[in-house]
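Read off the chains here:
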Amino acid sequence: MFGDPQSEVLDRREGECGELVLRRAGEHFEVIANGTFLMDTRNGESERVLVRAAADRMPQGGRMLVGGLGVGFSLRAAIDHPRVGDIVVVERESAVIEWNRGPLREVHDDALADPTVHCVQTDLVSWLADTDQRFDALCLDIDNGPQWTVTDGNAQLYDPGLLADRLTPDGVLAVWSAADDRAFADALATAFAEVETLTVPVPRGEPDVIFLAAGTRAHA
C-alpha cells in the first residue's frame, strides 16, 4: 500500500509542479508530487477505460491526443486499440518522460518507443492554446479531476471551448477524474451535444469517473 516503509526511492527531482519522487514498493511503482500521492502502477483500469471509451468512437486510423503520460497505462491502451492511428502524448514533466523510458517501461512494454507515438514535453494548457492541430479523440489524465488540479494553472485545461476547438467535427473528449463533478459535466454540455459519465470501480474508496463528450456544438 502507499506509504509502505519498505518502499525504495528510485529518483527525486524538482519539476514544474514541485518535487517529484519515483518510488518502488515491491513490484509496484509510485509517483509522489510535493509529498502527495499522485499515481501508481497497482491497477490502471480506469486509465484504460478512458482511452477505450474514446477510441471505440473514433474513425479507423484516427489521431488521438493523450494528455498526461503518467505511468503509461493510457498510452499503452491507445497503442493496442485497433482504431487508433497516430498518437501524440503531451507531458509537462521531463522526469516522468525519463522514468517511462527507464524503470517504468516494464509496466507498459516500452510504449514510448512505438513508432505511432510522438511525445511532446510541454505544458498541455499552453500547447492546446497554441496548436492548430485537431484530433479525433482527446484523452486527458492530468490531474485528480477538474476540481483537484496538480497546479492552479491547470484549471484552464477544463475549459470546454478550448477542448472542443482541438477536436475534429466528429471527435470525442474523454477526461479522467477521481470523483464525480456535476459542475464540470454541465459545463461540457455547453460545448458538446452529448455528455456521458462512466464510473469505474477501484479496489478502495469511491469509483473513478470518466467524462465523455462528443458532438462539438462549434461544428454543428
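Parameters and conventions
Residues numbered from 1 in each chain as written. Predicted model: local features only at pLDDT ≥ 70, side-chain atom pairs only at ≥ 80, totals over all residues. Heavy atoms only, no water. Pairing = 2+ DSSP bridges. Helix = DSSP H or I, 4+ residues; strand = E, 2+ residues; numbered from the N terminus. Axes fitted to C-alpha atoms, helices over the stretch in contact; angles between N-to-C directions. Phe/Tyr/Trp six-rings, centres within 6.5 Å; stacked < 30°, edge-to-face > 60°. Lys NZ or Arg CZ within 6 Å of the ring centre and 35° of its normal.

A. Molecular detail of the sheet that holds strand β3 (residues 28-33). As summarised here, the arrangement of the four strands in space is β1-β2-β3-β4, forming an open sheet in which the pairing is antiparallel. The open sheet terminates on both sides in strands that have one partner only, identified here as β1 (8-15) and β4 (36-40). Ignoring strand direction, the axes of neighbouring strands in this sheet form an average angle of 25°. Both strand β2 (residues 18-25) and β3 contribute to a ladder of six bridges, which runs antiparallel. Each bridged residue has a counterpart across the sheet, and for L20 the counterpart in β3 is A33.

B. Structural detail: the packing of aromatic side chains. Tallied over the full model, the rule gives three aromatic pairs. Seen from their ring centres, F184 and F211 are 5.1 Å apart, and the 85° between their planes marks the pair as edge-to-face. Taken together, the positions of F184 in helix α7 (residues 182-188) and F211 in strand β11 (residues 208-216) put the pair 27 residues apart, joining distant regions of the chain. Taken together through their ring pairs, the aromatic side chains of Y158, F184 and F211 make up a single cluster. One Lys or Arg, R48, reaches over the ring of F73 and ends 4.6 Å from the middle of that ring.

Geometric values such as these leave the question of function open.
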